[in-house]
Amino acid sequence: MNSITDEPHMMSEQSKLPRLPIPPLKQTIDKYLESIVPVVGNDIAALAETNQRVAHFAKVADRLQQRLISYERTQPNSWLEKWWFELAYLTWRESLCINSNYWIAFADDPNAYGLHAAPKPLLPYSPEYKVGQVLDRNSYGEFQVRRAVKFIQKALDYKEMIQEGRIPIARNKNGPLCMSQYRAMFGMTRIPRMGCDELRQDEATMSSRAIIVIAEDQIYSVQVYDGAGRRKPDGDLETELQAVVADVLERRRLGELDPAVTVLTAGHRDRWSTAFERLEKQPANQATLIAIQESLFAVSLDTTYSNPPGSINANQQNTKCHGTRPGHNRWYDTCTTFIFDRNGAAGYLGEHSPCDALIPAYMLEHVAQSVAPEHIEQGVASARTRDYQPLVKRLRFTGVDTTVLGLILEAEKEVTQTAKDSVSRQIRFENYGSDWIKRAAKISPDAFAQLTLQLTYYRLHGTLASVYETASTRMFLHGRTETVRSLTSESADFVRTMCDAASSSVDKYEALVRAAKKHQKLLVDASSGNGIDRHILGLRMAYHRLDALPGEKPITAEEQKAIEDFFNDPILAKSTMFQLSTSGLFPAYYLAHTGFGSAVAERGYGINYIIEPKRIKFGTESKTPEAGKGSNMAVFEPTLRQSLLELKIVCEQANNIPVGDLSRL
């Protein structure tokens, strides 16, 4: 994790960053053809057809390449940036809940107090114990409020470090990395618009002194700085949050809760856009929407709790989309939302479009690590201002018309089904981690994890999966990500060798090493701007959106057909139907679970993994066997564990490491 030191301003080396390159056309075509071989498999006719399409496309593609090169010169930061915001995120019309927003659960505080226990606690021998339950108490806890304040304060510390440029500049062996995404975490909100959303972050949002607090779908503005711009002490913020809780309980008792507009943010974007347009036409509701936009971040106080206490899986389920009322008590458009259940279990919900999850993960590990040593003791009051009076402001949605009320009901139905179809798990493998992988397997831990996942998928479904792995392109100005197509001919050979009873441990290990070397090269290529998928996207956009250059030879009907045949090739589509959508994070000890939704519903899995020295944590999501047409998380977990254990035996036997030799762990 980045440490906070007295280094140069975090943005001081941005001018040294190169721009994202446009790869040579032939290089991308050759890599693409190589990448589809394991996707096509034994369908020789389909492979021949695709090769022919590519050959015809290559004859005319240089004109698109030149358009792209010319376009790049007109863009302030990157040829990809504008299109990526639009196509990867803002034109996404389906629910943000699970499908786009990612979720993170924090490690529990072992000194928590005043916890509510389930009427029927799950016992370790219960089949449901590992999965956990989310129950609703319909009340709030003192520890919940106090822990929320600790996280708020540390998040504000980090926000101020960003504002003052005190985050150390990240570097790799090639030099500094782009730091622009750090500025996108606070005061950033997505705004629904028909067809294509917008992002709002400006001086009013970044200089805000307020956060929003959501309880039972009621939204409150809480000032975290005083009138002079000084941070309020813990005790004052506890008073503010206690006032929120008291008010919402009173509103509930009196039947005065406003409609759950929050759930619209979780559902289909065009539905929310329709409702948003109607709401912003009413001055009072428009003021509420603006106040939400002009907040630093959101805090959700839930009345739910985990059974059994401390269940990581129950906490991550609650964080994902609210454990008992899917889509409620969240503002999915806000980039940063901290979530606290009735017992103080903490989580985070991230809106994905302004920054990749890696950057908030650095912030969150720092925040959680900073919170951990500050013990909250029952009966010991926090520092506070004498005679402090809370300044909570309720942000109301009033006079909501029947059309919007109907849209809320539609959103509730949609998100409830989305949650019902989703299965997410924290899988912890405690037998070994990166120490053993590097010393005994002698390959990259990331490659090891990727190949293990491919082996697991093959054993579970009997087929190879197209694989997406995230590669960061932050070595370039405003770089985001590139796709690592982790399924290769070498990885396919490894998987088949592992499943061949006639293969020896040496055969299997040698196949593992070959596949790992290939994977590492692809990862380096993608990170250095020499991937496949972003360039193909750029060529597609050059065809559809960029005008012909002066003096460019007109595209004939035959050439147009060649271009469209390439972009519409079923094999291209199949190769990007990533049934394994994966990403890895740095070793993060305070992040108990990291999750995102699968990219493909049918037999698809979304998997984030954290490889620590002594263990590996997998945050997984797929659909139910019915919704996913064969996805099966209940079988995926034991199959993954089997693959990891078998690989340990293979590597140790191939490298003559005696059984029980702990020096390699």
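A brief look at the structure comes next.

Cut-off values and rules
Residues numbered from 1 in each chain as written. Predicted model: local features only at pLDDT ≥ 70, side-chain atom pairs only at ≥ 80, totals over all residues. Heavy atoms only, no water. Helix = DSSP H or I, 4+ residues; strand = E, 2+ residues; numbered from the N terminus. Rg over C-alpha atoms; globule rule 2.2 N^0.38 Å. Buried < 20%, exposed > 50% of the residue type's maximum accessible area, 1.4 Å probe, protein only. Contact = heavy atoms within 4.5 Å. Areas by Shrake-Rupley, 256 points an atom, 1.4 Å probe, with all protein chains shown as cover. Lys, Arg positive; Asp, Glu negative; His and termini not counted. Charge placed at Lys NZ, Arg CZ, Asp CG, Glu CD. Pairing = 2+ DSSP bridges. Core = buried A, V, L, I, M, F, W, Y, C linked by side-chain atoms within 4.5 Å. Polar contact = N/O pair within 3.5 Å; in protein donor to acceptor, adjacent residues only side chain to side chain. Phe/Tyr/Trp six-rings, centres within 6.5 Å; stacked < 30°, edge-to-face > 60°. Expected span 1.5 Å × (residues − 1). Axes fitted to C-alpha atoms, helices over the stretch in contact; angles between N-to-C directions. 1 Å grid on protein atoms, 1.4 Å probe; cavity = no way out; pocket = protein on both sides within 12 Å on 5 of 7 lines; lining within 4 Å. Points joined across faces, edges and corners; volume = space filled by probe spheres on them. Nonpolar A, V, L, I, M, F, W, Y, C, P; charged D, E, K, R; others polar.

### Observations regarding the overall build of the protein chain
Scanning the protein chain from N- to C-terminus turns up 19 helices and 20 strands. In terms of overall dimensions, the protein chain is globule-like: its C-alpha atoms have a radius of gyration of 26 Å, near the 26 Å expected for 665 residues. Counting only C-alpha atoms and orienting by the principal axes, one finds that the protein chain spans roughly 75 × 70 × 50 Å. Buried residues in the protein chain amount to 59% of all 665 residues. For the protein chain, the proportion of contacts with a sequence separation of at least 24, taken over those separated by at least 6, is 80%. Total accessible area on the protein chain stands at roughly 26,500 Å², and carbon and sulfur atoms take up 53% of it. Taking the 78 positively charged and 80 negatively charged side chains of the protein chain as two groups, their mean positions are separated by 1 Å.

### Considerations on unusual backbone geometry
Of all residues except glycine, most have a negative phi; of all peptide bonds, most are trans. Asn 307 connects to Pro 308 through a cis peptide bond whose omega is 0°. Here Pro 308 lies in the loop between strand E10 (304-307) and helix H9 (312-321). Of note, Asp 217 is a non-glycine position whose phi angle comes to about 70°, a positive value. Along the chain, the position of Asp 217 falls in the loop between strand E7 (210-215) and strand E8 (218-223). Judged by its relative accessible area of 7%, Asp 217 is buried.

### Some details on the pairing of strand E15 (residues 467-472)
Working note: regular strand, side chains alternate between the two faces of the sheet. Bridge count for E15 against strand E17 (residues 580-585) is three bridges, and the pairing is parallel. Opposite Glu 469, over in E17, you have Thr 582 as the bridge partner. As judged from the five bridges shared by E15 and strand E16 (residues 481-485), these two strands associate in the antiparallel manner. Residue pairing in the sheet places Ala 471 in a bridge with Glu 482 of E16.

### Details of the nonpolar core
Soluble globular proteins tend to bury their nonpolar side chains together. If you look at the biggest cluster of nonpolar residues, it comprises 99 residues, and the most contacted ones within it are Tyr 32, Tyr 182, Phe 297 and Phe 338. If one sorts the elements of this core by residue count, helix H4 (residues 142-163) sits on top with 10 residues. When near neighbours in sequence (up to four residues on either side) are disregarded, Phe 297 contacts Ile 152, Ala 155, Leu 156, Phe 186, Ile 211, Ile 212, Thr 334, Thr 336 and Phe 338. Listed in part, the 47 residues of the second largest apolar core include Ala 511, Ala 515, Ala 516 and Leu 644.

### Overview of the environment of Arg 271
Tracing the chain through its elements places Arg 271 in helix H7 (residues 269-280). You can call Arg 271 buried: its relative accessible area is 16%. Taking the C-alpha atoms as reference points, Arg 271 and Pro 192, 79 residues apart in sequence, are found 9.1 Å from one another. Non-local contacts of Arg 271, meaning those with residues more than four positions away in its chain, are made with Leu 264, Leu 407, Glu 410, Ala 411 and Glu 414.

### Comments concerning the side chain of His 322
The topology assignment puts His 322 in the loop between H9 and strand E11 (336-340). Within polar-contact distance, the side chain of His 322 engages the backbone nitrogen of Arg 325 at 3.0 Å. Look past the residues within four positions of His 322 in its chain and what remains in contact with it is Asp 136, Asp 302, Thr 304, Gln 317, Gly 327, His 328, Asn 329 and Arg 330.

### Thoughts on the packing of aromatic side chains
Taken as a whole and assessed by the stated rule, the structure comprises 26 aromatic pairs. Seen from their ring centres, Tyr 362 and Phe 586 are 4.5 Å apart, and the 10° between their planes marks the pair as stacked. Highlighted residues: Tyr 362 in helix H10 (residues 358-371) and Phe 586 in the loop between E17 and strand E18 (591-595), separated in sequence by 224 residues. Note on accessibility: Tyr 362 and Phe 586 belong to one class, buried. Ring pairs connect the aromatic residues Tyr 102, Phe 106, Phe 151, Phe 186, Phe 297, Phe 338, Phe 340 and Tyr 348, which therefore count as one cluster.

### With respect to helix H6 (residues 234-254)
Residue pairs spaced three or four apart in an α-helix point in one direction, given the helix's 3.6 residues per turn. Taking 1.5 Å of rise per residue, the 21 residues of H6 would be expected to cover 30 Å, and the 30 Å separating its terminal C-alpha atoms lies within 8% of that figure. Those residues of H6 that fall on the buried side of the exposure criterion are Asp 234, Gly 235, Asp 236, Leu 237, Glu 238, Thr 239, Glu 240, Leu 241, Val 244, Val 245 and Val 248. In the core, the buried residues of H6 are packed alongside H4, E7, E8 and strand E9 (298-301). One or two steps after H6, the chain reaches Gly 255, where phi turns positive at roughly 70°.

### Examining the environment of Ser 486
If you trace the backbone, Ser 486 turns up in the loop between E16 and helix H14 (489-498). Exposure remark for Ser 486: the relative accessible area of 2% places this residue in the buried category. Taking the C-alpha atoms as reference points, Ser 486 and Asp 333, 153 residues apart in sequence, are found 31 Å from one another. Residues contacting Ser 486, with those up to four places away along its chain left out, are Gln 450, Gln 454, Val 467, Glu 469, Ser 491 and His 519. Side-chain polar atoms of Ser 486 contact the side chain of Gln 450, separated by 3.1 Å.

### Describing the sheet that holds strand E12 (residues 346-350)
Strand order in this open sheet of eight strands is E13-E8-E7-E9-E11-E12-E1-E18, and the pairing throughout is mixed. Each end of this open sheet is capped by a strand with a single partner; those strands are strand E13 (393-395) and E18. When the angles between neighbouring strand axes are averaged without regard to direction, this sheet yields 25°. Where E8 lies against E13, three bridges are found, and the strand directions are antiparallel. Each residue of the ladder has a partner; that of Ile 219, found in E13, is Leu 395.

### Focus on the layout of surface pockets
Reported here for the second largest pocket is a volume of approximately 460 Å³. If you go around the second largest pocket, you meet 29 residues; those closest to its centre are Glu 81, Phe 85, Ser 180, His 478 and Arg 480. At three residues, the largest contribution of residues to the lining of the second largest pocket is made by helix H3 (residues 81-90). By residue class, the composition of the lining of the second largest pocket is 11 nonpolar, 12 polar and six charged.

### Overview of the side chain of Lys 617
Within the secondary structure, Lys 617 sits in strand E20 (residues 616-623). The class for Lys 617 is buried, based on a relative accessible area of 2%. In this structure the side chain of Lys 617 is engaged in a polar contact, spanning 2.7 Å, whose partner is the backbone oxygen of Ala 588. Engagement of the side chain of Lys 617 in a polar contact is seen with the backbone oxygen of Leu 591, the distance being 2.8 Å. What Lys 617 contacts, discounting residues up to four positions off in sequence, is Gln 426, Ile 427, Arg 428, Ala 588, Tyr 589, Leu 591, Ala 592, Asn 608, Tyr 609, Ile 610 and Glu 612.

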